[in-house]
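# Chain and residue survey
Now for the letters of each chain:
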Amino acid sequence: MKLLEGKTVLVTGGSTGIGRAAAIGAARHGADVAINYASSDDKAHSCVAEIEALGQRAIAVKGDVADPATSGEFVARAVAAFGRVDVLVSNAGICPFHALLDMPVETVDRTFRVNLHGAYYMVQAAARQMVEQGEGGAIIAVSSISALVGGEFQTHYTPTKAGVHSLMQSAAIALGKHGIRCNSVLPGTILTEINKDDLADDAKRAYMESRTPLGRLGQPEDIVGPIVFLASDMAEYVTGAALLVDGGMFVNLQ
Ligand SMILES: NC(=O)C1=CN([C@@H]2O[C@H](COP(=O)(O)OP(=O)(O)OC[C@H]3O[C@@H](n4cnc5c(N)ncnc54)[C@H](O)[C@@H]3O)[C@@H](O)[C@H]2O)C=CC1
Ligand SMILES: C[C@H](O)[C@@H]1OC(=O)[C@H](O)[C@@H]1O
């Protein structure tokens, strides 16, 4: 069953990892897809090609989500290509692991700007378009298990993920009257570019695996079903919710 037939789905940070899997997953469910991407033209174009091979339409729009101008341009390009916006997956993010005591100001600033400010601008731009269309919509933010628990080398990152989750809660209230649902997914540890270096440490990787009751770390595709569900009419009474997708890592105290 295709859950997103006829819908236009926008994904930020859509050329790699979870965003790419979500973009392709949405296309498999019948959506036309616009991806925002930061840098690699090749990866963005290959994502577009993969979606087109599925018989759906796709565009890639380059832009830094931390720049407030990027969000308006992304939405405008999607509307020009597909006529409307039904779903936003706010996914772009960075996690430059670093210790607290000597954390550079620039690293804190950039992480906040990309992960939290970027999500805010994108949510606002997509919501404006959805309100103008007058037919509701769905916004899914990729938050994290890190919204709920800390990380020694993530003191600048975990607050952004808690912030993104909080943004979805407040946006759910602000946008409910327009029929726009806002939810977050909270992935556990998923094997992507963002943690390739961190998990190259065999001991760290084995530890993270040992904390996961389902016995393995996640793949980007593990996040697709939850995102598609929240984007779809199957979740029509779900808003302001947070869905942990972590193989059970969060509840595994002992
Ligand atoms: N991999 C993991 O274990 C987890 C990841 N997440 C979140 O998932 C999201 C996606 O990350 P992954 O797929 O894991 O890693 P990734 O590194 O493959 O994806 C992040 C994407 O965001 C893009 N991006 C970074 N800065 C950007 C900017 N300024 N403007 C536009 N795009 C930008 C990157 O180019 C990349 O495509 C992030 O928000 C991350 O915090 C959440 C929980 C766990
Ligand atoms: C980058 C981390 O490995 C990843 O990101 C998160 O949000 C979680 O903390 C994961 O472990």
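As the structure is a prediction and not an experimental result, all values here were calculated from the model.

Next up on the list: the overall build of the protein. In terms of regular secondary structure, the protein is built from seven helices and seven strands. Traced from its N-terminal end to its C-terminal end, the protein shows the element sequence β-α-β-α-β-α-β-α-β-α-β-α-α-β. Relative to a compact globule of 254 residues, whose C-alpha radius of gyration would be 18 Å, the protein shows 17 Å and is just as compact. Overall size of the protein, expressed as C-alpha extent along the three principal axes, is 50 × 40 × 40 Å. A total of 254 residues make up the protein; the buried ones form 51% of that total. Entry remark: accessible area of the protein is about 11,700 Å², with carbon and sulfur atoms responsible for 54%. Here the protein contributes 20 positive and 27 negative side-chain charges, whose respective centroids are spaced 4 Å apart.

Structurally, leucine 10 is set in strand β1 (residues 8-11). Taking the C-alpha atoms as reference points, leucine 10 and asparagine 91, 81 residues apart in sequence, are found 10.0 Å from one another. In contact with leucine 10, not counting residues within four places along its chain, are Ala34, Phe74, Val75, Ala78, Val85, Val87, Leu88 and Val89.

Let's shift gears to the UniProt feature "domain: Ketoreductase" (unreviewed entry) in the protein. The sites that UniProt annotates as "domain: Ketoreductase" (unreviewed entry) are residues 7-194. Summarising residues 7-194: 47% helix, 18% strand, and an end-to-end C-alpha distance of 29 Å.

Tracing the sequence through the fold places threonine 12 in the loop between β1 and α1 (17-28). With relative accessibility at 1%, the residue threonine 12 sits in the buried group.

What follows covers the pattern of salt bridges. Tallied over the entire structure, the rule returns 13 salt bridges. For the salt bridge of arginine 77 with glutamate 73, the shortest nitrogen-to-oxygen distance reads 3.8 Å. Note that arginine 77 and glutamate 73 are positioned in helix α3 (residues 68-82) at a spacing of four residues, about one turn of the helix. Relative accessible area serves as the criterion here: at 38%, arginine 77 is assigned to the partly exposed category. Residue classification places glutamate 73 among the partly exposed positions, given a relative accessible area of 41%.

Between helix α4 (residues 105-133) and helix α5 (residues 158-176), the shortest axis-to-axis distance is 9 Å and the interhelical angle comes to 15°. Taken together, the axes of α4 and α5 are roughly parallel relative to one another. α5 is crossed by α4, and the crossing has right-handed handedness. Contact residues: α4 offers Thr111, Phe112, Asn115, Leu116, Ala119, Tyr120, Val123 and Ala127, while α5 offers Pro159, Thr160, Lys161, Gly163, Val164, Leu167, Met168, Ala171 and Leu175.

A surface patch of nonpolar side chains, amounting to about 400 Å² of accessible area, comprises Leu148, Val149, Leu244, Phe250 and Val251. Of note, valine 149 is situated in the loop between β5 (137-142) and α5. Looking at valine 149, the relative accessible area reads 35%, which means it is partly exposed.

Contacts to ligand 2 come from Cys95, Phe97, Ser144, Ser146, Gln154, Tyr157, Gly188, Thr189, Ile194 and Asn195. One of the side-chain N or O atoms of threonine 189 is found 2.9 Å from an oxygen atom in ligand 2. Here an oxygen atom of ligand 2 and a side-chain polar atom of asparagine 195 are 3.2 Å apart. Relative to its unbound accessible area of 290 Å², ligand 2 is 91% covered by the protein chains. Of the residues contributing to the shell around ligand 2, the split by class is four nonpolar, six polar and no charged.

Here we come to the nonpolar core. Side chains that are nonpolar tend, in soluble globular proteins, to be buried together. One finds Val9, Val33, Ile35, Ile51, Ile140 and Ile227 to be the most contacted residues of the largest nonpolar core, which totals 35 residues. Sorting the residues of this core by element identifies β1, α1, β2 (32-37), α2 (41-53), β3 (58-62), β4 (87-90), β5 and α7 (224-231) as the ones contributing at least two each. For this core, the element with the highest residue contribution is α1, accounting for seven residues. With sequence-adjacent residues up to four places away left out, isoleucine 140 is seen in contact with Val87, Leu88, Val89, Ser90, Asn183, Val185, Ile227, Leu230 and Ala231. With 31 residues, the next largest nonpolar core counts Leu10, Val114, Ala119 and Ile180 among its residues.

The subject of this paragraph is α5. Each α-helix turn comprises 3.6 residues. Residues three or four places apart therefore point the same way. The first and last C-alpha atoms of α5 sit 27 Å apart over 19 residues, in line with the 27 Å expected at 1.5 Å per residue. Buried residues belonging to α5 abut α4, β5, β6 (180-187) and β7 (242-245).

Calculation notes
Residues numbered from 1 in each chain as written. Chains lettered and ligands numbered in written order. Predicted model: local features only at pLDDT ≥ 70, side-chain atom pairs only at ≥ 80, totals over all residues. Heavy atoms only, no water. Helix = DSSP H or I, 4+ residues; strand = E, 2+ residues; numbered from the N terminus. Rg over C-alpha atoms; globule rule 2.2 N^0.38 Å. Buried < 20%, exposed > 50% of the residue type's maximum accessible area, 1.4 Å probe, protein only. Areas by Shrake-Rupley, 256 points an atom, 1.4 Å probe, with all protein chains shown as cover. Lys, Arg positive; Asp, Glu negative; His and termini not counted. Charge placed at Lys NZ, Arg CZ, Asp CG, Glu CD. Contact = heavy atoms within 4.5 Å. UniProt positions renumbered as here; feature names shortened; annotations may be inferred. Salt bridge = Lys/Arg side-chain N within 4 Å of Asp/Glu carboxyl O. Axes fitted to C-alpha atoms, helices over the stretch in contact; angles between N-to-C directions. Parallel < 35°, antiparallel > 145°, perpendicular 65-115°, else oblique. Left-handed = near helix turned anticlockwise from the far one by under 90°. Patch = residues over 30% accessible without salt bridge, like charges linked within 9 Å, V, L, I, M, F, W, Y side chains within 5 Å. Near = heavy atom within 4 Å. Polar contact = N/O pair within 3.5 Å; in protein donor to acceptor, adjacent residues only side chain to side chain. Nonpolar A, V, L, I, M, F, W, Y, C, P; charged D, E, K, R; others polar. Core = buried A, V, L, I, M, F, W, Y, C linked by side-chain atoms within 4.5 Å. Expected span 1.5 Å × (residues − 1).

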